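Residue-level listing of the chains:
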Amino acid sequence: MTDHTIYEIDNSGIEPLSNNSNNTTFAEVMTQRRQFLKGSLGTAVAAFMGASLVACGGDDDDKKSNSSSSASSSSAPASSSSSSVSSSLAPLLGFTAIAANRNDAITVPAGYTATTFVPWGTPLTGSMPAYKGDASNTGADQEQQVGAHHDGVHFFPMDAKTTGTNSSEGLLVMNHEYLDDKIFHPNGATLGATRPADEVRKEIAGHGVSVIHIKKNGSNWEVVNGSPFNRRITGATPMDIRGPASGYAKMATKYSPNGTATRGTLNNCGMGYTPWNTYLTAEENWAGYFVNKDATQPREHKRYGVGTKNGRYFWELADSGADEYVRFDASTKGATALDDYRNEPNTFGWMVEIDPFDPEARPQKRTALGRFGHEGVIFAPAVEGQPVVCYSGDDSQNEYIYKFVSAEPFHKATAGGWLLNSGVLYVAKFNADGTGEWLPLDITNSAFTAKAAAAGVTFANQADLLINTRLAADIMGATKMDRPEWGAVHPTTGEVYFTLTNNTSRTAEQIDAANPRANNATGHIIRWNEEAGKTTFKWDIFLLGGDVGTTTGTDDKAVTLTADNHFASPDGLWIDPRGVLWIQTDMSGSQQGTGPYGNNQMLAADPVTKQVKRFFVGPIDAEVTGVTGTPDMKTLFVNIQHPGDRSTSTNFTSHWPEGGTARPRSATVIVTKNDGGMIGS
Ligand code: FEO
Ligand code: CA
Ligand code: CA
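Residues numbered from 1 in each chain as written. Chains lettered and ligands numbered in written order. Predicted model: local features only at pLDDT ≥ 70, side-chain atom pairs only at ≥ 80, totals over all residues. Heavy atoms only, no water.

Let's talk about the coordination of the calcium ion (ligand 2)
To keep things clear, this is the line we draw: Each metal's donors are the N, O and S atoms found within 2.8 Å of it, except that Na, K and Ca use a 3.2 Å limit; water is left out, so coordination can look incomplete. Strands are runs of DSSP state E lasting at least 2 residues, helices are runs of H or I lasting at least 4, and numbering of each runs from the N terminus.
Those donors, Cys269 (SG), Glu375 (OE), Glu485 (OE), Asp571 (OD) and Asp571 (OD), are the protein atoms that reach the calcium ion (ligand 2), and they lie 2.3 to 3.0 Å from it. Donor residues for the calcium ion (ligand 2) sit on one chain with the sequence pattern C-x105-E-x109-E-x85-D. The two metals, the calcium ion (ligand 2) and the calcium ion (ligand 3), are separated by 3.6 Å and share glutamate 485 as a common coordinating residue. Within this pair, whereas cysteine 269 is found in strand E9 (residues 268-273), its partner aspartate 571 is found in strand E26 (residues 570-575), the two being separated by 302 residues in sequence.

In C-alpha cells:
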C-alpha cells in the first residue's frame, strides 16, 4: 500500500510569530495608557466619535446596545434623533438577525436565498476539464479550472471603465489562498523522499487568482464559457517586478538574472481594487513555501519565517527536478545568485496588480508598497490632483499596519499602475492618547536614517529597505498589532477601519491602548480618521470581539454584544457603497467547535450607531472570507474557504456544498433577496 505520509505537511500555524524586535513592548506605553484610561478608553472613543463620525449625525444616545430589540427600535423611533447616515442606514439593516449555528450549510436571513457558484475545480479555460469528485484531476486540468480556497473577491462591472453601473454582467476576480493537501488529491498528498511532480504542478495551479466573466441569465448568474476574459493566474504565471526593488541585486535569480521578473503569486489572501479598475492580490504567508537550509539565513528570509527544513508543501522535492520546482529551495547552491534561487523568496511578499480587462497583461509586483505578509489593500477614495493613498496590514502576531502615498497625483484620465511605482511607505504608531502617527520608511528621510543609525542597521538603498520592510518598521518604533487583517474605507467620511483578528501571544505586560487585551483570542476592529496630507491621525476601537456581554466603551457610549451579533476573530471587511460595514470571521476549527460562536459568519454593521446584526453563517470548518456586490447591491458574492479543513483524506468533516458524502469544496455564494430588493433591507 502506498505510504501517504500526509501528516507531515503541516497547515497549522500559517501566520507564525516572527517579530522578535524589541521596539516598544509597551512597558512605557502602559504608563501612558493607565493615565489615558483614567478617563477611560470609552471616553476617549466618544471624544473621537464626536469629532469625526458624528459629523454624520447627533446620534450618540442610540449607541447603548446592539440587541435586535434596539435594532428594531433604531429603525423606527430612534431615527428621530439620528439626523443623517444612521437614519439612512437603518432600512439597510432591516433583515432579521440569524442565530449562530453549527450547520454544514449556508444560513441567511428569512427572505434571502444563497446559491453556490464557481466552486473549486469549475472548468474555466482551454479544454474546460470537468471537475472529478474524487479529486483525480491532473495538474494540467487544474491550470484550466477555478482554484482552491476562495478568498478576497471583487466584482468589476463590465462597464467599470465608464459608468460602472452594470449589475448584470462583469468580471468576478478572486484569490485562491492555499489548499488542504488531504482533500486536494484522491488520497491526500504523496510524500516520500520526493513528491510526484504532477501533484506539485496541480498544487501550484490551485493557488493564485481566477478572472471569471459572469452574466445574468434571467435571475441566475452564469459563467460566460469561452469568454476571452476568463483566466487563471497561478503560482507559476510569469510576472514583472516593478518599483524600487525591480532590478536590485537581491532580486536576481537564475530565472531572471536582471531581477525584473519572477514566476507566480502565492498565498493570496485579501485583495484590493484600484481607482483605475485593476485588481491587487496580496501575498500573505508566502514565506513558508520556501526553504533555506543555509547555516545562517539572510535577514530578508529570517524576519519573514522562510523554512529551515522544508517548504510548506515540499514542492522543492518534485521528482522531475524541474527548475520551476527546484526554485522553492532557496539554499545557496551555486557560485553566485545567478546560479541558484537564493533570492527567489525576495520576489514574494508583495502586492501584485492584475488588469482583469486585459487578459494578455502580465501581473506586476508593486514593490513600493512594501514586502510583508500582506493581508490585502484598501484605497482611499481617489481625489483628482491629489496623491493616491492606500493601506495594508501585515497579518502576523505583533506586526504592523502600513500606508502608501503615491509620489504622483491622481488624474482620472491618465491613472494607472505606474502610480504605485513611486511614493512613500509609512507604518502606523498608535499613541495612548488616541492620536497616531505615520512614520516614513524612506531612506532619504532624516528621521528614518537617524533611527536606523541609532539601531546600527544599514540599508544599501530603498530597494534593500523595501525587501526588509518589517525591519525598517521595527526601527521606527511602529506599534505591534494583534494581527492586522483587512481594511475598509468609508466612501464618504474617508474613515479607515481595520480588523485585528486575534493575538493569544500578547501578555498583560504587552497590552497597549490600541491592543488592550492580553491573550486576545477574539480580536477587535480599530478605526482612524485623518486629514489629507497629514501624517497624524485620530483613532479609536470600533468594536471588541467576544461572547455575549462583551462591551466596547463605557457609560452611555458603550455597545454590548448580544446573541444576535457575538463574534470572534474578525478578518474580512468591506464597506459597501451605501456605507454598510460587512464583518467576516475566521475562527479556527477548534474555536468554532468549542466556542459559543458557531461556524464562521458575516455580520452587517452601521459604522455610526454600531448596530451589528448577523447576516450569514458558513458551513462546518470553513472561513467566510471575501465579499463584494453588484453596483445596485442586489447581488452579494461571498466566498467560503476551506470547508471541512479538519478533514483527513478518508474522513471529511464537511460535505459542503454538494452534501451527502461529497468531498468539500471552497466556493462562492451568491446571496439575493427574494423580493428583488437590496441586500440587507
Ligand atoms: Fe489569510 Fe490573514 O488571513
Ligand atoms: Ca484573511
Ligand atoms: Ca485570518
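Looking at the side chain of asparagine 101
Note the threshold: Note on contacts: a residue pair is in contact if any heavy atoms of the two residues lie within 4.5 Å.
Inspection of the secondary structure puts asparagine 101 in the loop between helix H4 (85-89) and strand E1 (112-117). Beyond its immediate chain neighbours, meaning those up to four positions away, asparagine 101 contacts Thr107, Gly598, Asn599 and Val617.

As for the packing of aromatic side chains
Which entries qualify depends on this criterion: Put simply, two rings from Phe, Tyr or Trp (the six-membered ring, in Trp's case) pair if the centres are within 6.5 Å, and we call them stacked under 30 degrees between planes, edge-to-face over 60, tilted for the rest. When accessible area is computed with a 1.4 Å probe and restricted to protein chains, residues below 20% of their type maximum are described as buried, those above 50% as exposed, and intermediate ones as partly exposed.
Across all of its chains, the model carries 32 aromatic pairs by this definition. Ring plane angle 80° and centroid distance 5.8 Å describe the contact between phenylalanine 155 and tryptophan 221, whose orientation is recorded as edge-to-face. Of the two residues, phenylalanine 155 is situated in strand E2 (residues 150-157) and tryptophan 221 in strand E5 (residues 220-223); the sequence distance between them amounts to 66 residues. With a relative accessible area of 2%, phenylalanine 155 lands in the buried category. The exposure class of tryptophan 221 is buried, given its relative accessible area of 8%. On the basis of an interplanar angle of 75° and a centroid distance of 6.4 Å, the ring pair of tyrosine 400 and tyrosine 402 is categorised as edge-to-face.

Thoughts on the sheet that holds strand E12 (residues 364-366)
Here is the rule we go by: Paired strands are those between which DSSP finds at least two bridges. In this description, a line fitted to the C-alpha atoms serves as the axis of each element, helices being fitted only across the stretch in contact, and the angle between N-to-C directions of two axes falls anywhere from 0 to 180 degrees.
The mixed open sheet is built from six strands, whose spatial order is E8-E7-E12-E11-E10-E9. Only two strands of the sheet have a single neighbouring strand rather than two, namely strand E8 (261-263) and E9. Looking at each pair of strands side by side, their axes are set apart by 35° on average, direction ignored. Two strands pair when backbone bridges link them, and strand E10 (residues 279-283) and strand E11 (residues 351-354) are joined in this way by four bridges, in the antiparallel orientation. Each residue of the ladder has a partner; that of tyrosine 279, found in E11, is isoleucine 354.

As for the environment of threonine 625
Heads up, the condition is: A 3.5 Å cut-off defines polar contacts: any pair of N or O atoms within that distance qualifies, except that in protein one atom must be a possible hydrogen donor and the other a possible acceptor, and neighbouring residues in sequence count only when both atoms are side-chain atoms.
The residue threonine 625 is located in strand E30 (residues 623-629) in this model. Here threonine 625 falls in the buried class, since its relative accessible area comes to 0%. Sequence-wise, threonine 625 and isoleucine 640 are 15 residues apart; in three dimensions their C-alpha atoms are separated by 6.2 Å. For threonine 625, the residues in contact, after removing those within four places along its chain, are His150, Asp151, Trp486, Gln584, Asn639 and Gln641. A distance of 2.7 Å separates polar atoms of two side chains, one belonging to threonine 625 and the other to aspartate 151.

Re the sheet that holds E1
The four strands lie next to each other as E1-E32-E31-E30, forming an open sheet whose pairing is antiparallel. A single partner strand is all that each edge strand has here, and the edge strands are E1 and E30. Each strand axis lies, on average, 25° off the axis of its neighbour in the sheet, ignoring direction.

Some details on the nonpolar core
Convention followed: The set of buried Ala, Val, Leu, Ile, Met, Phe, Trp, Tyr and Cys residues whose side-chain atoms join them within 4.5 Å is what this entry labels a nonpolar core.
Counting 64 residues, the largest nonpolar core has Val427 and Leu441 as its most contacted members. Among the elements of the structure, helix H7 (197-206), E10, strand E14 (387-393), strand E16 (401-409), strand E17 (423-430), helix H10 (446-455), helix H11 (462-467) and helix H12 (469-476) are those that each provide at least two residues to this core. Contact partners of valine 427, with chain neighbours within four places excluded, come to Tyr400, Ile401, Tyr402, Glu437, Trp438, Leu439, Leu441, Ala473, Met476 and Ala478. Formed by 29 residues, the second largest nonpolar core is a distinct cluster that contains Ala160, Met271, Tyr497 and Leu561.

Structural notes on the environment of glycine 370
Structurally, glycine 370 is set in the loop between E12 and strand E13 (378-379). Distance in space between the C-alpha atoms of glycine 370 and proline 244 is 9.8 Å, their sequence separation being 126 residues. Non-local contacts of glycine 370, meaning those with residues more than four positions away in its chain, are made with Gly349, Trp350, Leu425, Leu466 and Thr469.

Re H10
Measuring from the backbone nitrogen of alanine 447 back to the side-chain oxygen at the start of H10 gives 2.8 Å, which picks out asparagine 445 as the cap. Where H10 terminates, the next one or two residues include glycine 456, which has phi positive at roughly 70°.

Digging into H7
Of all 10 residues in H7, eight are buried, a share of seventy percent or more. Along H7, the positions that sit buried rather than exposed are Ala197, Glu199, Val200, Lys202, Glu203, Ile204, Ala205 and Gly206. Turning to H7, the residues buried within the fold contact helix H5 (139-142), strand E3 (169-176), helix H6 (181-184), strand E4 (208-217), strand E6 (231-233) and helix H9 (323-326). Of the residues trailing H7, glycine 208 is marked for its positive phi of about 105°.

Details of the pattern of salt bridges
Inclusion rule: By convention in these notes, a salt bridge is any Lys or Arg side-chain nitrogen within 4 Å of a carboxyl oxygen on Asp or Glu.
Evaluated as defined, the whole model comprises 30 salt bridges. Across the pair glutamate 344 and arginine 327 runs a salt bridge, and its minimum N-O distance is 3.0 Å. Placement of the pair is glutamate 344 in the loop between H9 and E11 and arginine 327 in the loop between H9 and E11, with a sequence separation of 17 residues. Like arginine 327, glutamate 344 is buried.

Some details on unusual backbone geometry
With an omega of 5°, the peptide bond running from tryptophan 656 to proline 657 counts as cis. Along the chain, proline 657 falls in the loop between strand E31 (635-641) and strand E32 (667-673). Phi is positive for histidine 149, close to 55°, though the residue is something other than glycine. Note on placement: histidine 149 falls in the loop between H5 and E2. On the basis of relative accessible area, histidine 149 is assigned to the buried category, the value being 5%. Despite not being glycine, methionine 633 has its phi angle at roughly 55°, a positive value. Relative to the helices and strands, methionine 633 resides in the loop between E30 and E31. Judged by its relative accessible area of 1%, methionine 633 is buried.

Brief notes about the pairing of E3
Summarising burial for E3: eight of the eight residues are buried, a large majority. Residues of E3 alternate between two faces, with Glu169, Leu171, Val173 and Asn175 on one and Gly170, Leu172, Met174 and His176 on the opposite face, all of them buried. Looking at chain direction, E3 and E4 are connected through eight bridges and run antiparallel. Within E4, the position partnered with asparagine 175 by the bridge is valine 209.

A word on the packing of H10 against H12
The criterion, for reference: Between 65 and 115 degrees an angle is taken as roughly perpendicular, under 35 as roughly parallel, over 145 as roughly antiparallel, and anywhere else as oblique. Residue classes follow a fixed rule: Ala, Val, Leu, Ile, Met, Phe, Trp, Tyr, Cys and Pro count as nonpolar, while Asp, Glu, Lys and Arg count as charged, and any other residue, Gly among them, counts as polar.
At their nearest, the axes of H10 and H12 sit 9 Å apart, and the two run at 90° to each other. If you check the angle between H10 and H12, you find them roughly perpendicular. For the pair H10 and H12, the contacting residues are Ala447, Phe448, Lys451, Ala452 and Ala455 in the first and Ala472, Ile475 and Met476 in the second. For the contact of H10 with H12, the class distribution of residues is seven nonpolar, no polar and one charged.

What to know about the side chain of aspartate 586
As a reminder, the rule being used: The positive count covers Lys and Arg only, the negative count covers Asp and Glu only, and His and the chain ends enter neither.
Turning to its location among the elements, aspartate 586 is positioned in the loop between strand E27 (581-585) and helix H13 (589-594). Here aspartate 586 occupies a buried position and makes no salt bridge, while the nearest side chain of opposite charge, arginine 483, is found at 5.3 Å. Setting aside residues no more than four positions away along its own chain, aspartate 586 makes contact with Ala568, Ser569, Asp571, Asn600, Glu623 and His642.

Considering the pairing of strand E29 (residues 612-617)
When you tally the buried positions in E29, you get six out of six residues, the bulk of the element. From the end of strand E28 (residues 601-605) to the start of E29, which pair antiparallel, there are six residues, and lysine 610 there has a positive phi angle of about 65°.

In short, the description is geometric, and any link to function would need to be established separately.
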